[in-house]
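# Examination of the molecular architecture
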Amino acid sequence: MADASARASGKQELERELSKAGKTRWWRRLVILGVLGALIAAGVVWRERTKPPPPPRYLTAEPTNGDVLETVQSTGQIKPVTEVQVGAQVSGRITKVFVDFNSVVKAGDVLAEIDPTLFGAQIDSNRAQLGVAKASVVRSEASLTTARQRLDRAKRLVAEGVGTQADLDGAQGAYDVAMADLAASKAQVSQIDAVLRSSRTNLDFTRIYSPIQGIVIDRAIDPGQTVAASFQAPVLFVIAQDLRKMRVFADIDEADVGRVSEGMSADVSVDAFPGETFKGTVSQVRFSPLTQAGVVTYAAIIEVDNPDVKLRPGMTATVSVRSAEVKGARRLPNAALRFKPSPEKDSAGKEIKAPPLEPLPPRKGRIWVITDATAGAEKIEPRVVDTGITDGVNTVVLTDLGDAKVVVDETDDPNAGARRGPRIF
């Protein structure tokens with residue numbers, strides 16, 4: 001009996017211990033769950049408080065102060081200020097060439113010589129013909145003297161009543177013929193003398209002289225080569241007077257020619273000297289148009305100093321003509337004047353057509369400024385401003401904008417975030 005009672009008492013004690021241990025485990029679980037819940041709630045609160053603001057819908061810029069330089073870009077070919085093409089006026093075989101490329105010559109220097117043999121023979125022939133013509137004049141003068149004597153004799157005989165009128169008329173006719181022969185002989189002398197002078201001139205033309213002082217930049221002949229100057233004088237040499245002064249024949253597009261005028265400064269650069277700029281001045285803007293492949297351009301002549309003779313004839317130059325410049329101007333990026341806001345969308349995602357904006361007169365521009373800077377819900381409105389020159393990046397703004405924030409671009413679809421929905425983590 002005593003053993004049974006002891007066993008029953010132990011069993012009850014064991015059940016109480018197990019019950020107590022089970023309650024302790026549940027309390028521990030509840031505490032752990034509570035702690036986890038508190039941590040999750042704290043994480044959510046911390047994320048809400050520390051999450052970044054929504055990205056701005058628009059990218060903005062403020063007016064700045066600075067210099068604005070308006071330029072007209074073009075390309076052209078470099079040429080000497082004075083360039084003379086020296087040719088030959090007579091045909092023949094080149095016997096001597098006295099200069100070469102880059103030879104420095106003075107006015108009157110002999111450049112080349114054509115074989116003078118044929119021209120010398122022509123002169124000798126003309127001299128002989130001239131001698132014959134002069135002898136013919138002497139003979140005609142003798143005939144005229146004889147005819148004059150016969151005429152005088154016939155007149156005396158008729159006056160004395162011995163001669164006849166027929167003899168007088170015959171003597172008068174012979175005298176007139178003698179005078180005509182003498183005039184023809186003298187004319188022939190003059191003609192042959194002119195031919196002789198022409199032959200002598202042609203002989204002089206066999207020596208080709210330099211018309212100016214300069215440098216030979218092109219030579220198109222060699223000794224032994226035959227020059228044919230029958231219809232057109234061939235170009236044998238090209239001489240540049242002074243390579244320290246050069247010209248650029250720039251092709252100005254018809255859309256920019258109205259901004260270019262004489263006296264404007266220009267910067268010239270060539271590929272042979274990268275990073276180096278040569279200063280020039282616009283000396284002429286020609287009215288004659290040049291049309292190539294439907295593109296109309298006008299030639300502008302830019303005078304360029306070339307003291308070190310770096311620029312060479314024929315080089316392709318890039319020209320920047322300074323058409324206008326403003327110092328310390330109030331300016332805006334050109335993107336602000338090009339900006340147009342995206343159309344609004346309705347709840348179904350369809351674009352809402354806005355009324356068209358009125359066109360602007362010249363020297364006016366339309367910008368959009370921020371009126372409500374609330375992040376993610378910005379509001380903008382258009383403003384019309386007076387504009388000045390532009391350098392391709394910035395434009396001068398003549399209207400006072402204060403500290404307004406001007407829209408230059410729009411971020412991606414502002415409704416994309418709303419369609420994605422909220423995110424906890």
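Scroll up a little and you will see the structure.
Residues numbered from 1 in each chain as written. Predicted model: local features only at pLDDT ≥ 70, side-chain atom pairs only at ≥ 80, totals over all residues. Heavy atoms only, no water.

## Here we look at the overall build of the protein chain
Threshold: Elements are defined by DSSP. Helices are runs of H or I of four residues or more, strands are runs of E of two residues or more, and each kind is numbered from the N terminus. Three labels apply to residues, based on accessible area from a 1.4 Å probe with only protein chains included: buried if under 20% of the type maximum, exposed if over 50%, partly exposed otherwise in between. Residue contacts are counted whenever heavy atoms from the two residues lie within 4.5 Å of one another. Values of accessible area rely on a 1.4 Å probe in the Shrake-Rupley scheme; residue burial ignores everything except the protein chains shown.
The number of helices and strands found in the protein chain is five helices and 19 strands. Of all 425 residues assigned to the protein chain, the portion counted as buried reaches 29%. Long-range pairs, those at least 24 residues apart, make up 75% of the contacts in the protein chain with a sequence separation of at least 6. Summing over all exposed atoms, the protein chain offers an accessible surface of approximately 27500 Å²; the carbon and sulfur share of this is 54%.

## Examining the environment of Val-369
Relative to the helices and strands, Val-369 resides in strand β16 (residues 364-372). Residues Val-369 and Ala-61, 308 residues apart in the sequence, show an inter-C-alpha distance of 9.5 Å. If we skip the residues at most four places from it in the chain, Val-369 touches Lys-379, Ile-380, Glu-381, Arg-383, Ala-404, Lys-405 and Val-406.

## Side note on the nonpolar core
Let me state the cut-off plainly: Working definition of a nonpolar core: buried Ala, Val, Leu, Ile, Met, Phe, Trp, Tyr and Cys residues. They are joined through side-chain atoms within 4.5 Å.
Among the nonpolar cores identified, the biggest contains 25 residues, and Ile-78, Val-248, Val-268, Ile-302, Val-319 and Val-321 are the most heavily contacted of them. Elements supplying a minimum of two residues to this core: β2 (64-80), β11 (245-253), β12 (265-270), β13 (278-292), β14 (295-305) and β15 (316-333). Per element, the largest residue contribution to this core is four residues, and it comes from β11. Contact partners of Val-248, with chain neighbours within four places excluded, come to Gly-76, Gln-77, Ile-78, Val-268, Ala-300, Ile-301, Ile-302, Val-304, Ala-317 and Val-319. Ranked by size, the runner-up nonpolar core spans 18 residues in total, among them Val-90, Ile-114, Ile-208 and Ile-212.

## Observations concerning the pattern of salt bridges
To keep things clear, this is the line we draw: Salt bridges, as used here, are contacts in which a Lys or Arg side-chain nitrogen is within 4 Å of a carboxyl oxygen on Asp or Glu.
Scanning the entire structure with this criterion turns up 19 salt bridges. One salt bridge connects Arg-57 with Glu-410, and the closest N-O pair in it is separated by 3.5 Å. Of the two residues, Arg-57 sits in the loop between α1 (2-50) and β1 (58-61) while Glu-410 sits in strand β19 (residues 406-410), which places them 353 residues apart along the sequence. For Asp-115, the salt bridge is made with Arg-93, and the minimal N-O distance between the two is 3.4 Å. Highlighted residues: Asp-115 in the loop between β6 (110-114) and α2 (117-160) and Arg-93 in strand β4 (residues 92-97), separated in sequence by 22 residues. Residue classification places Asp-115 among the partly exposed positions, given a relative accessible area of 23%.

## With respect to the sheet that holds strand β7 (residues 207-209)
Basically, it comes down to this: A pair of strands is labelled paired if DSSP reports no fewer than 2 bridges between them.
Ordered in space as β7-β6-β4-β9, the four strands form an open sheet in which the pairing is antiparallel. The outermost strands of the open sheet, each flanked by one partner alone, are β7 and β9 (226-227).

## Focus: the packing of α2 against helix α3 (residues 165-205)
The criterion, for reference: Note on definitions: angles span 0 to 180 degrees between N-to-C directions of axes, and those axes are lines fitted to C-alpha atoms, for helices only across the stretch in contact. Angles below 35 degrees are treated as roughly parallel, those above 145 as roughly antiparallel, those between 65 and 115 as roughly perpendicular, and all remaining angles as oblique. Take the far helix as your reference; a near helix turned counterclockwise from it by less than a right angle gives a left-handed crossing, and one turned clockwise gives a right-handed crossing. We call Asp, Glu, Lys and Arg charged. Ala, Val, Leu, Ile, Met, Phe, Trp, Tyr, Cys and Pro are nonpolar, and the rest, Gly among them, are polar.
It is the contact of α2 with α3, at a shortest axis distance of 7 Å, that shows an interaxial angle of 165°. Considering their axes alone, α2 and α3 lie roughly antiparallel with respect to each other. At the point where α2 passes α3, the crossing takes the left-handed sense. When its residues are assigned to classes, the contact of α2 with α3 shows 22 nonpolar, 13 polar and 11 charged.

## Here we look at the sheet that holds strand β5 (residues 104-105)
To summarise the sheet geometry, strands pair through backbone hydrogen bonds and adopt either a parallel or an antiparallel arrangement. Read from one edge to the other, the open sheet built from four strands follows the order β3-β10-β8-β5, with strand pairing classed as antiparallel. Each having just a single partner strand, β3 (83-87) and β5 make up the two edges of the open sheet. Bridging between β3 and strand β10 (residues 235-240) involves five bridges; their strand directions are antiparallel. Directly across from Glu-83, in β10, lies its bridge partner Ala-240.

## What about α3?
The cut-off we apply is this: Here the expected length of a helix is defined as 1.5 Å per residue gap, with one fewer gap than residues.
Between its first and last C-alpha atoms α3 spans 60 Å; for 41 residues at 1.5 Å apiece the expected length is 60 Å, and the two agree. Residues Leu-168, Ala-171, Tyr-175, Ala-178, Leu-182, Ser-185, Val-189, Ile-192, Leu-196 and Ser-199 constitute the buried set of α3. The secondary structure elements touched by the buried residues of α3 are α2.

## So, the layout of surface pockets
What counts is decided by this rule: A pocket here means an open set of points on a 1 Å grid, computed over the protein atoms alone, that has protein on both sides within 12 Å along at least five of seven lines. A cavity is instead a set of points where a 1.4 Å probe fits but cannot get out; residues with an atom within 4 Å of a point line either one. Grid points are joined across faces, edges and corners, and a volume is the space filled by probe spheres set on the points.
Quantified by volume, the second largest pocket comes out at close to 450 Å³. As for the second largest pocket, its lining consists of 16 residues, of which Pro-341, Ala-354, Pro-355, Leu-357 and Trp-368 are closest to the centre. Grouping the constituent residues of the lining of the second largest pocket by class yields 11 nonpolar, one polar and four charged.

## Let's talk about α2
End to end, α2 covers 65 Å across 44 residues, agreeing with the expected 64 Å (1.5 Å per residue, within 8%). Of the residues making up α2, those classed as buried are Phe-119, Ile-123, Asn-126, Leu-130, Ala-133, Ser-136, Val-137, Ser-140, Leu-144, Ala-147, Leu-151 and Ala-154. If you follow the buried residues of α2, they end up packed against α3. Downstream of α2 by one or two residues, Gly-161 has phi in the positive range, about 85°.

## Some words on the side chain of Glu-70
Put simply, the rule is: Two N or O atoms count as a polar contact when they lie within 3.5 Å, although within protein this holds only if one can serve as hydrogen donor and the other as acceptor, and sequence-adjacent residues are included solely when both atoms are side-chain atoms.
Mapped onto the elements of the fold, Glu-70 is located in strand β2. Separated by 2.9 Å, the side chains of Glu-70 and Ser-323 make a polar contact. When residues no more than four places from it in sequence are discounted, the contact partners of Glu-70 are Arg-259, Val-321, Arg-322, Ser-323, Ala-324, Ile-389 and Thr-390.

## A few points about unusual backbone geometry
With a phi close to 55°, Ala-293 is a non-glycine residue in the positive phi region. Tracing the backbone through its elements, the reader meets Ala-293 in the loop between β13 and β14. For Arg-363, which is not glycine, the phi dihedral falls at a positive 65°. Assignment of secondary structure puts Arg-363 in the loop between α4 (334-338) and β16. Residue classification places Arg-363 among the exposed residues on the basis of a relative accessible area of 52%.

By themselves, these are just geometric observations and shouldn't be taken as functional.
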